[in-house]
Amino acid sequence: AQSVTQLGSHVSVSEGALVLLRCNYSSSVPPYLFWYVQYPNQGLQLLLKYTSAATLVKGINGFEAEFKKSETSFHLTKPSAHMSDAAEYFCAVSDRVGTSYGKLTFGQGTILTVHP
Amino acid sequence: DAGVIQSPRHEVTEMGQEVTLRCKPISGHNSLFWYRQTMMRGLELLIYFNNNVPIDDSGMPEDRFSAKMPNASFSTLKIQPSEPRDSAVYFCASSLGTETGELFFGEGSRLTVL
């Protein structure tokens, strides 16, 4: 079964600093990987996804992630944090064993705090 | 365009009462997912449907939980009887059902069982 592990349940950065949120995956087949963001009292929304094309994926709001097969990682980065980036971020992997129907398995989430 | 619509947004009930959560997926989407989110357990997939047929309900905690999808535009998640440990935010999400497709989430139903 595929799974993802997010390292660090809380990350705190200063406004303007680099954001790095870590995600490692485990998969017996080439994975499809996603990052979602959840703002307070809202549902999750897609930031970006990797589906075996370019290994560096750009998403909304200036975020990007790089798929590294050798490290089984898919870390999320943003060069300069903004106060509006404060949210919870989830890494997810698509179930590619059999017919998935779009099922995703999510990591435990990382809460990003941005200090002025 | 309307997104995934869930109701109620908030529900407070007493232990032992029946709770019904409702979801209207995005038109044209053929997969529907029910997730539960708690501080302790994070996001858990409870059950999902494809073309109105339940595919995997192995995440449903116990027999007190049931879900139906009578047609392509409506699904319910029922808890009977409810218990305090069921308190959580329940999300419905829909997608086109492909392994690269985006899940679109509703705003969630926050359930508190006293």
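Below, the structure is looked at part by part. (Residues numbered from 1 in each chain as written. Chains lettered and ligands numbered in written order. Predicted model: local features only at pLDDT ≥ 70, side-chain atom pairs only at ≥ 80, totals over all residues. Heavy atoms only, no water.)

All names here are of chain A. With antiparallel pairing, the five strands of this open sheet are ordered in space as E1-E3-E8-E7-E6. The sheet terminates laterally at strand E1 (3-7) and strand E6 (56-58), the two strands that pair on one side only. Within this sheet the neighbouring strands show an average axis-to-axis angle of 20 degrees, counted without direction. (Pairing = 2+ DSSP bridges. Helix = DSSP H or I, 4+ residues; strand = E, 2+ residues; numbered from the N terminus. Axes fitted to C-alpha atoms, helices over the stretch in contact; angles between N-to-C directions.)

Core analysis: the biggest nonpolar cluster contains 27 residues, and Trp35, Leu48, Leu76 and Tyr89 of chain A have the highest contact counts within it. If you look at the next biggest cluster of nonpolar residues, it comprises 21 residues, including Leu21, Phe49, Met60 and Val113 of chain B. (Core = buried A, V, L, I, M, F, W, Y, C linked by side-chain atoms within 4.5 Å. Buried < 20%, exposed > 50% of the residue type's maximum accessible area, 1.4 Å probe, protein only.)

Moving on, we come to the pattern of salt bridges. Going through the model one piece at a time under the given rule, you end up with eleven salt bridges over all chains. In this structure, the salt-bridge partner of lysine 78 of chain A is aspartate 85 of chain A, at a minimum N-O distance of 2.8 Å. One exposure class covers both lysine 78 of chain A and aspartate 85 of chain A, and it is buried. Shared partners join several salt bridges into a network, and the residues in it are Glu62, Arg64, Glu83, Arg85 and Asp86 of chain B. (Salt bridge = Lys/Arg side-chain N within 4 Å of Asp/Glu carboxyl O.)

Residues and elements named next belong to chain A. For strand E9 (residues 87-94), the buried fraction is high: eight of the eight residues fall into the buried class. Burial of the side chains of E9 extends over both faces: Ala87, Tyr89, Cys91 and Val93 are buried on one face and Glu88, Phe90, Ala92 and Ser94 on the other. Strand direction decides the pairing type here: strand E4 (residues 33-38) and E9, joined by six bridges, are antiparallel. Residue pairing across strands places tryptophan 35 opposite cysteine 91, the latter belonging to E9. Pairing of E9 with strand E11 (residues 110-115) involves three bridges; the strand directions are antiparallel. Of the residues in E11, the one forming a bridge with alanine 87 is leucine 112. Pairing of E9 with strand E10 (residues 104-106) involves three bridges; the strand directions are antiparallel. If you follow valine 93 over to E10, its bridge partner there is threonine 105.

The next point concerns the pairing of strand E5 (residues 42-50) of chain B. All names here are of chain B. With respect to burial, E5 is a largely interior element, nine of its nine residues being buried. One ladder, built from eight bridges, connects strand E4 (residues 31-38) with E5; its direction is antiparallel. Directly across from threonine 38, in E5, lies its bridge partner glycine 42. Connecting E4 to the next strand, E5, in antiparallel fashion are three residues.

With that settled, the discussion passes to the interface of chain B and chain A. How big an interface is tends to be reported as the loss of accessible area on association of its parts. Counting residues at the interface gives 27 residues for chain B, matched by 23 residues for chain A. Of the roughly 1,900 Å² buried between chain B and chain A on both sides combined, carbon and sulfur atoms contribute 52%. The largest contributions to the chain B side of the interface with chain A come from Leu43, Glu99 and Thr100 of chain B, which together make up 30% of the buried area. Counting the contacts that link chain B with chain A gives zero salt bridges. The leading source of residues in the side of chain B that touches chain A is E5 of chain B, at five residues. Taken together, the residues of the side of chain B that touches chain A sort by class into ten nonpolar, ten polar and seven charged. (Contact = heavy atoms within 4.5 Å. Buried area = accessible area lost by both parts, 1.4 Å probe. Nonpolar A, V, L, I, M, F, W, Y, C, P; charged D, E, K, R; others polar.)

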